[in-house]
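# Architecture at a glance
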Amino acid sequence: MDCRMTARGAEIPASPEFDLAQTLNCGQCFRWELLPDGCWQGVVSGRRVKIREQDGKVIFFGVGGREFERVWAPYFDLDFDYAAVRRALSRKDPVLRRAAEFAPGIRLLRQDPWEALCSFIISQNNNIPRIKGIVARLCEQFGDDLGGYSSFPGAERLAPLREQEFAPIRCGFRAKYILSAARKVASGEVNLEALRAAPIEEARASLTTIYGVGEKVAECELLYGLHRLEAFPMDVWMKRAMSVLLPGRTPQQLGKYAGIAQQYLFHYSRCNAGLFSA
DNA sequence: GCCCAGGTATAAA
DNA sequence: TTTATACATGGG
């Protein structure tokens, strides 16, 4: 991805294939906020930046060329041809076509695997505004002070804590789940980096050994934390999604399959505008 | 107040 | 194997 350097920072041409609001506000990440000045602010790799789209450009304020190439281009997956994927999806199924057209600028972030795992543990039976709040308090309480903002606390930082020390985070029953994840990751019992290359079923099985990580959170981590796109074979989830729409399903079945099918379809569907409201 | 949220563990059917 | 409930908290 070619970027141009200006006094403001790194700039790339704006494109319908890269929409900040669609990408950052859709529930795949929880540490970005839209500031009143129109900039999106987030913390990635210990660096806080402001990004905005303006005058046909996406501007990464204060970011140098080297940092852009090493941090931001990979984070936003800028070298991947999403348009080609959308074309393929559109050919495959009319629902996906509609969906792809609905959110054409969404991208699959390459997030830190540990941060993603924690975030999706927190996300269970929860809503996005509160998830963001809990994640923010987790960073503020246990992250390193990076000068006006905090890092996401590593597994080794959380692993020694006691459950009651999570009280200020107000994450409720999820504290014991976060602790289980932290301890397994810190001890190496679950090796997130290794799971990037492991056979997909092996990776899924390893993740679900964590107390509080079930099918859904594991899928989230595979897709959003480990960038394992193959965790979501489209045909399978499409069929499940369709079956969910049929009448006569129990709440259990609805919850189980609707959630997971939605997980896959999320990038390309969720054809309701409310999802992307700031 | 009330409903419910990008679920999971657990007990009970 | 499948289904119902509790779980902590707070947004809308």
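Quick caveat: nothing in here was measured; it's all calculated off a predicted structure. (Residues numbered from 1 in each chain as written. Chains lettered and ligands numbered in written order. Predicted model: local features only at pLDDT ≥ 70, side-chain atom pairs only at ≥ 80, totals over all residues. Heavy atoms only, no water.)

## Some points on the overall build of chain A
Worth spelling out the cut-off: A run of H or I in DSSP counts as a helix once it spans at least four residues, and a run of E counts as a strand once it spans at least two, with each numbered from the N terminus. The rule is simple: take the accessible area with a 1.4 Å probe, protein chains only, and divide by the maximum for that residue type; under 20% is buried, over 50% is exposed, in between is partly exposed. Shrake-Rupley sampling with a 1.4 Å probe provides the accessible areas, and residues are treated as covered by the protein chains on show and by no other component.
Along its length, chain A carries 13 helices and six strands. Residue burial in chain A is summarised as follows: out of 278 residues, 50% are buried. Approximately 13200 Å² of chain A is accessible, and the part contributed by carbon and sulfur atoms is 52%.

## Looking at the sheet that holds strand β1 (residues 4-5)
Put simply, the rule reads: Two strands pair under a simple rule: DSSP has to find at least two bridges between them. Residues count as neighbours in contact if any of their non-hydrogen atoms are within 4.5 Å of one another. Angles run from 0 to 180 degrees between N-to-C directions of axes, and those axes are lines fitted to C-alpha atoms, restricted for helices to the stretch in contact.
Taken together, six strands build an open sheet; the order of strands is β1-β2-β6-β5-β4-β3 and the sheet is antiparallel. Both edges of this open sheet fall to β1 and β3 (33-34), since each of them pairs with a single strand only. On top of the sheet, helix α2 (residues 65-75) reaches β1, β2 (9-13), β4 (40-44), β5 (47-54) and β6 (57-61); it is set at about 80° to β5, its chief contact.

## Section: the pairing of β4
Of all five residues making up β4, five are buried, and the element is well covered by its neighbours. The two faces of β4 match: W40, G42 and V44 on one face and Q41 and V43 on the other face are all buried. Between β3 and β4, which follow one another and run antiparallel, lie five residues, and G38 among them has a positive phi close to 90°. Sheet analysis places β4 next to β5, joined by five bridges and oriented antiparallel. The residue bridging W40 from the neighbouring strand is I51, located in β5. What sits between the antiparallel neighbours β4 and β5 is a turn of two residues, in which S45 has the positive phi angle 50°.

## Some words on the packing of aromatic side chains
Where we set the bar: Within 6.5 Å between ring centres, the rings of Phe, Tyr and Trp (the latter by its six-membered ring) count as paired, and their orientation is classed by plane angle as stacked under 30 degrees, edge-to-face over 60, tilted in between. Each ring is checked for a lysine NZ or an arginine CZ that lies within 6 Å of its centre and within 35 degrees of its normal; such an atom marks a charge sitting over the ring.
A complete count under the given rule lists 16 aromatic pairs for this structure. Note on F60 and F76: the rings are 6.1 Å apart at their centroids and 70° apart in plane angle, and the pair reads as edge-to-face. Separated by 16 residues along the polypeptide, F60 in strand β6 and F76 in the loop between α2 and α3 (82-92) bring together distant segments of the chain. Of the two residues, F60 and F76, neither departs from the other in class, the shared state being buried. A cation over a ring is seen here: K176 above Y177, with NZ or CZ 5.2 Å from the ring centre.

## Considerations on the packing of helix α5 (residues 113-122) against helix α11 (residues 215-225)
Here is the rule: In this scheme, roughly parallel covers angles under 35 degrees and roughly antiparallel covers those over 145, while 65 to 115 is roughly perpendicular and the rest are oblique. We call a crossing left-handed when the near helix sits turned anticlockwise from the far one by less than a right angle, and right-handed when that turn is clockwise. Charged residues are taken to be Asp, Glu, Lys and Arg, nonpolar residues to be Ala, Val, Leu, Ile, Met, Phe, Trp, Tyr, Cys and Pro, and polar residues to be all remaining types, Gly included.
Following both chains from N to C, one finds α5 and α11 inclined at 150°, their axes separated by 9 Å at the closest point. It follows that α5 is roughly antiparallel to α11 by the angle criterion. As α5 runs across α11, the sense of the crossing is right-handed. Taking contact as the criterion, the partners of P113, A116, L117, F120 and I121 in α5 are, on α11, V217, C220, E221, Y224 and G225. Looking at the contact of α5 with α11 residue by residue, the classes come out as eight nonpolar, one polar and one charged.

## Digging into the pairing of β6
When β2 meets β6, the two strands line up antiparallel, connected through five bridges. Residue P13 lies in a different strand from β6, and its bridge partner there is K57. Bridging between β5 and β6 involves four bridges; their strand directions are antiparallel. Within the sheet, the bridge partner assigned to E53 lies in β6 and is V58. Linking β5 back to β6 in an antiparallel pair, the connection comprises two residues, with D55 at a positive phi of about 50°.

## Side note on the confidence of the model for chain A
Threshold: Confidence of the predictor at the level of single residues is given by pLDDT, which spans 0 to 100.
Mean pLDDT over chain A works out to 85, with 80% of the residues at or above the 70 mark. Note that pLDDT drops below 50 for residues 267-278; the model gives that stretch 36 contacts with residues more than four away or on any other chain.

## So, helix α6 (residues 128-142)
Our working rule: By this rule the span expected of a helix is its residue count minus one, scaled by 1.5 Å. As used here, the arc is the angular range of directions from the helix axis to the C-beta atoms. For this analysis, a polar contact is any N or O atom pair within 3.5 Å, provided that within protein one partner can donate a hydrogen and the other can accept it, and provided that sequence-adjacent residues contribute only side-chain to side-chain pairs.
Taking 1.5 Å as the rise per residue, α6 with 15 residues should run 21 Å; its terminal C-alpha atoms sit 21 Å apart, in good agreement. When we look at burial in α6, the residues that qualify are I131, I134, V135, L138, C139 and F142. Taken end-on, α6 shows its buried residues confined to a sector of 135°, consistent with a single buried face. What points out from α6, more than 90 degrees from its buried face, is the exposed set P129 and E140. Taken together, the buried residues of α6 touch α5 and α7 (155-158). Two or three places before R130, at the start of α6, stands the capping residue N127, its side-chain oxygen 3.1 Å from that residue's backbone nitrogen.

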